[in-house]
Amino acid sequence: MNRDRSVPFAVAFALLGTGCGRQTSGTSPLFPAPQGNTWGFIDNRGKAVIAPRFEAALPYSEGLAAVKREGRWGYIDRNGLEVIPIRYRTVQSFRNGVAIVDTGLPNQPVGLIDTAGSWVTPPLFRSLSAADGPDGLLLGQKEPAEGFGFYDRSGNLVLGPYFLAFPFAQGRARVKTSVRTGPDDWLIDTSGSLLPKKPLVLDGIRFSEGLIAVRRDHKLGYMDLEGNVAIEPRYDQGGEFAEGLAAVQLEGRWMFIDKSGAATSEFPAGVAFAEPLSDGLSLVSADRDQPGRKFGYVDRKGQWAIKPVWDDAEPFHEGLAYVGNWKDGKAAYIDHKGRTIWEGRNPSP
């Protein structure tokens, strides 16, 4: 369910989308906001809280936000104070008390730091992906010839290596065991055991709410954590389950289904794709009946909550969504009713 995006918006939210976690419980959320080529932060009423002075910014997660200055990344607290030095080539948001950072050193630059900036896992990796939980396994690669493996926080190999792998979710991970083509994708549990998959082809990257998309005879359905078909393959396209529902396409029409496979609502005509629910709304593209691709939001009942008027948009998070129009260079945050809470200027490409 990927989509083409206008370059400035893609650049901005390729940054924002990495590791976007929940903010500290009990605090009002803060949102990265651009004014041209500088970024600051606003609150959920659109009030400026931290003045624009950064080249880029990620959303707050676990009380810290990653920011970029002079080509390097570090972290600030909710007062805008630098608490982890701005010295990394790239970073991700904090999750379960740790964050993945790239030092920029040759060969093996990537490791894991805690909220004090101390190394939890030294930079031993060429690439690294976050664990599913506080004690989960990290997905990493130390050398290209070694493939991908699952490591503990000390950097010790626990499972693998594999030719290709994706991070664990709900105690399952998708792996490819060899370079050969064909149905060589498998699901493993945390012991490394292969799960039975019968005559199914994996379509989804990870489990979500206990289900993962699979294909049989080119039709999409869903498999449960034990490898059993939970929803018979009959759809043309479909995404992850979220908030109890999944958006799927059948004979050109998008709809929501529940975990029994029953259709709960149909989307408006003209919807070309739909993303999983987030904050109760699904981000959709409606370009079939319009001169250009536009984005809007559909509610759980399959009805328009916000009509498709934006040139690009992101899913709702913490009550707001980031949207943009290119003709007037507008960037904005909107609420669930489509009201503009804050308006700024798009970053340049």
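Residues numbered from 1 in each chain as written. Predicted model: local features only at pLDDT ≥ 70, side-chain atom pairs only at ≥ 80, totals over all residues. Heavy atoms only, no water.

## A short note on unusual backbone geometry
Line of reasoning, step 1. Omega for the bond connecting G160 with P161 falls within 30 degrees of zero, at 10°, which places this linkage in the cis form.
Line of reasoning, step 2. Note on placement: P161 falls in strand 15 (residues 157-162).
Line of reasoning, step 3. In the Ramachandran plot, N96 falls in the positive-phi region, its phi being about 55° despite a non-glycine side chain.
Line of reasoning, step 4. Within the secondary structure, N96 sits in the loop between strand 8 (90-91) and strand 9 (98-102).
Line of reasoning, step 5. Its identity is not glycine, yet Q170 carries a phi of approximately 55°, on the positive side.
Line of reasoning, step 6. Considering the arrangement of structural elements, one finds Q170 in the loop between strand 16 (164-165) and strand 17 (173-176). (Helix = DSSP H or I, 4+ residues; strand = E, 2+ residues; numbered from the N terminus.)

## A closer look at the sheet that holds strand 16
Line of reasoning, step 1. The sheet built from three strands is open, its strands ordered 16-17-18 with antiparallel pairing. Lying at the two open borders of the sheet, with one neighbouring strand each, are strand 16 and strand 18 (185-188).
Line of reasoning, step 2. Relative to strand 18, strand 17 runs antiparallel, the two being bridged by four bridges. For A173, the partnering residue across the bridge sits in strand 18 and is I188. (Pairing = 2+ DSSP bridges.)

## Digging into the confidence of the model for the chain
Line of reasoning, step 1. On average, residues of the chain carry a pLDDT of 90, and 89% of them reach 70 or more.
Line of reasoning, step 2. In the predicted structure, residues 1-20 sits below a pLDDT of 50 and forms 53 contacts with residues beyond four places in sequence or in another chain. (pLDDT = per-residue confidence, 0-100. Contact = heavy atoms within 4.5 Å.)

## As for the packing of aromatic side chains
Line of reasoning, step 1. A complete count under the given rule lists 13 aromatic pairs for this structure.
Line of reasoning, step 2. Plain terms: the ring middles of W39 and Y322 are 6.4 Å apart, the flat faces sit at 25° to each other, and that makes the pair stacked. Taken as a pair, W39 in strand 2 (residues 38-43) and Y322 in strand 32 (residues 321-325) lie far apart in primary sequence, 283 residues in all.
Line of reasoning, step 3. A relative accessible area of 2% means that W39 is categorised as buried.
Line of reasoning, step 4. Their ring planes at 75° and their centres at 5.2 Å tell us that Y322 and Y333 sit as a pair that is edge-to-face. Taken together, the residues Y322 in strand 32 and Y333 in strand 33 (residues 330-334) connect sequence positions 11 residues apart.
Line of reasoning, step 5. For Y322, a relative accessible area of 2% translates into the label buried. (Phe/Tyr/Trp six-rings, centres within 6.5 Å; stacked < 30°, edge-to-face > 60°. Buried < 20%, exposed > 50% of the residue type's maximum accessible area, 1.4 Å probe, protein only.)

## Details of the sheet that holds strand 14 (residues 148-151)
Through backbone hydrogen bonds, the strands of a sheet pair up, either in parallel or in antiparallel fashion.
Line of reasoning, step 1. Overall, antiparallel pairing links the four strands, which are arranged 12-13-14-15 in an open sheet. The open sheet has two edge strands with one neighbour each: strand 12 (127-129) and strand 15. Within the sheet, the average angular offset between the axes of one strand and its neighbour, ignoring direction, is 20°.
Line of reasoning, step 2. Where strand 13 (residues 138-141) lies against strand 14, three bridges are found, and the strand directions are antiparallel. (Axes fitted to C-alpha atoms, helices over the stretch in contact; angles between N-to-C directions.)

## Overview of the pattern of salt bridges
Line of reasoning, step 1. What the rule picks out here adds up to 16 salt bridges.
Line of reasoning, step 2. When the shortest N-O distance is used, the salt bridge between E226 and R172 registers 3.6 Å. Within this pair, whereas E226 is found in the loop between strand 21 (219-224) and strand 22 (229-235), its partner R172 is found in the loop between strand 16 and strand 17, the two being separated by 54 residues in sequence.
Line of reasoning, step 3. Take R172: its relative accessible area is 15%, and that puts it in the buried class. (Salt bridge = Lys/Arg side-chain N within 4 Å of Asp/Glu carboxyl O.)

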